[in-house]
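Secondary and tertiary structure notes
The chain contents come next:
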Amino acid sequence: MLTLRRARASLNALRRGNATVAADAAPAISTSPPPPAPSSDSSSQSAAPPAPGAAEGKGRTKGRNRPLQTRRAFITLDRPREWNRPLAPGVLPAYDEALRLIRRDAAEIQREAGELERELSEKEVGEGERRAMEEKLGVLRVQGEVNLPEVRWRARNGMGEWFPLLFFSLSDLQQPVYRHLVEQRWRGEGALDLLMERIHQMHVVPDVLPDLHPSFDVRVTFPDLPSEDKTKKSKVKHHAVEPGVFLSPKQTRRPPRIYTTVFHTDPRYYTMILVDADYPDAENRTFKTYLHWMQPNVQLSASSTGPFTFRDSHTPYIPPHPQKGSPYHRYVLLLLPHPNPTETLNIPAPTVQERADFDSRAFMERYGFDASRGGAAHMWREVWDEEVSRIYAQVLKADEPRYGHISYKDAKETLYKEAKPKNKYAGYGDKYVGQGDRRRMPL
Amino acid sequence: MSFPILPQRSIKPTLRKCQTSVRYAGRTAPAGDPRHEILRRTLYPSNLRNKSTPTGTWRSDVGRALQHAIPSVQAHETIERAWLLHQRHVRRQRDSELKRKFEKMKEAMDELEKLDKHLYFEANRQEDPRARSTKEVELTKTLKGSERKAMEARIRGLFPRELRVPTDTPPRTGWNYDWKPTGPASTP
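Just so we're clear, the structure is a prediction, and the values are computed from it rather than from any experiment.

Along its length, chain A carries 13 helices and 8 strands. Counting the 443 residues in chain A, one finds 41% classified as buried. For chain A, the share of sequence-separated contacts (at least 6 apart) that also reach a separation of at least 24 residues comes to 75%. Split by element, the accessible area of chain A, about 26,300 Å² in all, is 53% carbon and sulfur.

Structure follows, in structure tokens:
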């Protein structure tokens with residue numbers, strides 16, 4: 001009996017779960033856009049054995065030229081996939097029973113949700129009771145699908161609900177269950193925690209704004225630095241920025257692409273600002289905030305995925321230019337919710353001088369932005385590069401300042417020039433030559 | 001200065017063996033100047049993984065065993081969710097049944113309070129299970145030795161003190177079929 005089961009298990013293990021629906025998948029690897037949605041980890045879920053080619057190759061080459069382990073292609077819009085059972089029926093009875101239980105429970109809850117929906121539309125109920133019933137209906141709608149493995153797989157791999165109609169969206173957030181799962185993932189699996197850790201550890205919260213509790217996810221991409229090896233020509237790739245990492249001013253020369261994952265269906269207005277928290281203020285021997293970019297009245301909802309590039313933004317993008325000799329600069333991107341989500345704000349575009357004197361806290365207080373009620377944030381850090389000199393020359397059209405300690409040699413040239421002992425007799429030619437020690441006043 | 005940008009995708013370690021394209025073997029140190037060998041081993045440590053680690057942190061058979069036990073992560077999570085869901089159903093049912101019983105009991109007691117205060121008081125009285133009646137106390141005074149011990153060991157509502165502690169293995173002396181419980185005839 002045991003041998004039979006083992007043979008069947010091995011046979012079933014060869015049968016892949018989550019097989020591709022379209023057998024004629026394109027062989028060319030497309031450079032997919034930066035990942036806005038959850039990463040696809042279908043490889044870890046499939047029970048596929050190593051490719052048969054590897055086994056053959058081992059025998060032929062006797063372990064000399066081992067082929068590297070291959071993996072299935074990532075799921076993208078060009079290479080969609082449908083959910084399939086990870087294990088064939090009969091391989092793991094517990095899994096079959098689990099599926100039965102989950103489907104039965106889901107059907108039960110969906111029936112209950114249908115009844116409640118009918119009741120809401122037909123019956124006449126008071127305001128408070130209606131709100132409670134609608135809330136319950138929302139919960140039932142989510143719970144009726146949240147346990148289904150196909151739904152969870154689709155949420156995990158960015159596949160939408162409309163796949164059969166060949167109209168898929170990455171993580172279809174119109175459905176409440178996908179919204180729920182994506183938000184749960186953002187909050188629970190570390191992305192939000194990492195962002196808040198960096199925000200608090202680098203003291204963005206007391207310095208730039210008083211309080212921050214993000215309600216949705218924002219991702220920022222910048223191009224990678226070109227490789228130092230000039231012989232290798234590779235296409236410039238854009239990668240998402242981890243909050244708090246160091247970037248080069250070369251990478252941030254052009255404005256980034258902003259991707260958002262918003263969890264509310266109703267459209268609300270936000271204002272986007274990018275501030276430098278460590279702009280040196282030499283006169284007062286302190287640091288102030290500098291406004292690099294602003295775009296008010298951005299309307300966001302669950303159906304807007306972006307990317308937002310803001311070509312003609314309200315306040316044009318000035319690339320980050322951390323000065324030489326100053327400590328690292330923190331650049332904070334904020335999406336602040338309007339005090340009234342359905343109302344636009346009339347914010348005047350600041351001048352170049354006003355950008356340097358931009359006080360983010362005062363700005364937020366003036367227009368009533370409260371980041372503790374919602375919004376989104378991102379941040380990175382930068383340090384001086386030769387690119388900053390070019391930015392000063394081309395974009396700012398100003399002299400590049402240099403901060404920090406002056407060396408003794410430079411100090412002699414600049415600061416102590418007046419105190420330098422002067423040669424009183426310089427410039428009088430041969431007048432006093434040969435006079436010896438006769439003291440004479442110069443003519 | 002390097003500017004690392006980590007990709008958003010986190011790299012999950014797989015159970016498969018690590019394969020590197022360049023393999024550095026560990027050679028036995030040749031007799032003579034060991035400096036070359038030390039340098040080579042420091043700069044290019046051996047990355048061959050063909051046997052278990054000395055302390056047992058990595059073994060070659062563990063991957064296969066884990067793959068057999070948990071063939072699919074997705075299936076494991078589905079089973080876990082189904083089990084928790086089942087537990088939630090059982091718990092909900094148990095709690096609702098208990099609540100229903102409590103409600104009915106409360107209703108009954110409220111009715112009794114309205115009907116007869118004395119009976120209500122008697123029904124609400126809590127009795128100490130360790131309390132002994134006067135007859136039992138007098139009986140205990142007359143007993144001696146093992147009978148008295150047995151009397152003191154039996155408390156209403158509690159397991160007897162003489163209860164045998166369950167062990168993994170049976171006793172060396174075997175099962176005593178002729179054992180008779182000691183106790184006075186009047187013990188309930």
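This part is about the overall build of chain B. On a plain count of helices and strands, chain B comes out with 6 helices and 0 strands. Going from the N terminus to the C terminus, chain B shows its helices and strands as α-α-α-α-α-α. Counting across all 188 residues of chain B, residues that qualify as buried make up 10%. When the accessible surface of chain B is summed, it comes to about 17,100 Å², and 57% of that surface belongs to carbon and sulfur atoms.

A few words now on the nonpolar core. Counting residues in hydrophobic clusters, the biggest one holds 56 residues, and the most contacted among them are A:Ile258 and A:Phe363. Contacts of A:Phe363, omitting those with residues within four sequence positions, involve A:Ile273, A:Met294, A:Ile347, A:Phe358 and A:Phe369. A:Ile102, A:Val146, A:Tyr178 and B:Leu85 belong to the second largest nonpolar core, which has 14 residues in total.

What follows covers the packing of aromatic side chains. Residues and elements named next belong to chain A. Counting across every chain of the model gives 11 aromatic pairs over all chains. Look at Trp 186 and Phe 263: their rings are 5.7 Å apart centre to centre, the planes differ by 40°, and that puts the pair in the tilted class. Taken together, the positions of Trp 186 in helix 7 (residues 176-188) and Phe 263 in the loop between strand 4 (257-261) and strand 5 (268-281) put the pair 77 residues apart, joining distant regions of the chain. Classification of Phe 263 as buried rests on a relative accessible area of 11%. Through a chain of ring-to-ring contacts, the aromatic side chains of Phe 358, Phe 363, Tyr 367 and Phe 369 assemble into a single cluster. Of note, Arg 71 hangs over the ring of Phe 74, and the distance from its end group to the ring centre comes to 4.0 Å. A cation sits over an aromatic face here: Arg 381 above Tyr 328, 4.8 Å from the ring centre.

Let us look at the pairing of strand 1 (residues 217-223) of chain A. Side-chain positions along a regular strand alternate between the two faces of the sheet. Residues and elements named next belong to chain A. The buried fraction of strand 1 is high, at 6 of 7 residues. In this sheet, strand 2 (residues 238-240) lies alongside strand 1 in antiparallel orientation, the contact comprising 3 bridges. Note on strand 2: the bridge partner recorded for Pro 223 is His 238.

This next bit is on the environment of B:Thr78. Position of B:Thr78 among the secondary structure elements: in helix 3 (residues 73-115). Apart from residues lying up to four places away in sequence, B:Thr78 is in contact with A:Tyr95, A:Ala98, A:Leu99, A:Ile102 and A:Pro149.

What follows covers the confidence of the model for chain B. Residues and elements named next belong to chain B. Averaged over all residues, the pLDDT of chain B is 83; the fraction at 70 or higher stands at 85%. At the low end of the mean pLDDT range in chain B sits helix 6 (residues 145-153), at 83; at the high end sits helix 3, at 97. In this model, residues 1-9 is a region of pLDDT below 50 whose contacts with residues beyond four sequence positions or in other chains number 19 contacts. Interface confidence in the predicted complex, given as ipTM, is 0.70; pTM for the same model is 0.71.

Residues and elements named next belong to chain B. Contact geometry of helix 3 with helix 4 (residues 117-124) gives a least axis separation of 6 Å together with a crossing angle of 140°. If you check the angle between helix 3 and helix 4, you find them oblique. Each of Met 109, Leu 112, Glu 113 and Leu 115 in helix 3 lies in contact with helix 4, whose residues at this interface are Lys 117, Leu 119, Tyr 120, Ala 123 and Asn 124. Within the contact of helix 3 with helix 4, the residues separate by chemical class into 6 nonpolar, 1 polar and 2 charged.

A word on the sheet that holds strand 7 (residues 329-337) of chain A. All names here are of chain A. Pairing is mixed in the open sheet, where 5 strands are placed in the order 3-8-7-5-6. Of all strands in the sheet, those with a lone pairing partner are strand 3 (246-247) and strand 6 (286-300), marking the two edges. In the sheet, strand 5 pairs with strand 7 via 7 bridges, with the strands oriented antiparallel. If you follow Val 275 over to strand 7, its bridge partner there is Val 332.

Definitions and limits used
- By convention here, each chain's residues receive numbers from 1 onward along its written sequence.
- Chain letters start at A and ligand numbers start at 1, both assigned in the order the entries are written.
- Selection of residues for local features in this predicted model requires a pLDDT of at least 70, selection of side-chain atom pairs for listing and counting requires 80 or more, and totals for whole chains, interfaces and linings are taken over all residues.
- With hydrogens and water set aside, each side-chain value is computed from the structure's full complement of heavy atoms.
- Secondary structure is summarised from DSSP: a helix means a run of H or I of at least four residues, a strand means a run of E of at least two, and numbering begins at the N terminus for each.
- Categorising residues by exposure relies on relative accessible area from a 1.4 Å probe, with only protein chains included: less than 20% of the type maximum marks a residue as buried, more than 50% marks it as exposed, and the intermediate range marks it as partly exposed.
- Working rule for contacts: check all heavy atoms of both residues, and any pair within 4.5 Å makes them a contact.
- For the area figures, the Shrake-Rupley method with a 1.4 Å probe applies, and any residue is considered shielded solely by the protein chains shown.
- Put simply, buried Ala, Val, Leu, Ile, Met, Phe, Trp, Tyr and Cys residues joined by side-chain atoms within 4.5 Å make one nonpolar core.
- Centres within 6.5 Å make a pair out of two Phe, Tyr or Trp rings, where for Trp the six-membered ring is used; the pair is then stacked when the planes are under 30 degrees apart, edge-to-face when over 60, and tilted otherwise.
- A ring is considered to have a charge above it if a Lys NZ or an Arg CZ atom is located within 6 Å of its centre and within 35 degrees of its normal.
- What makes two strands pair is DSSP finding at least two bridges between them.
- Confidence scores per residue from the predictor, reported as pLDDT, run from 0 to 100.
- Working convention: axes come from line fits to C-alpha atoms, limited for helices to the stretch in contact. Angles between N-to-C directions cover 0 to 180 degrees.
- The cut-offs work like this: below 35 degrees is roughly parallel, past 145 is roughly antiparallel, 65 to 115 is roughly perpendicular, and the gaps in between are oblique.
- Here the term charged refers only to Asp, Glu, Lys and Arg, the term nonpolar to Ala, Val, Leu, Ile, Met, Phe, Trp, Tyr, Cys and Pro, and the term polar to all other amino acids, Gly among them.

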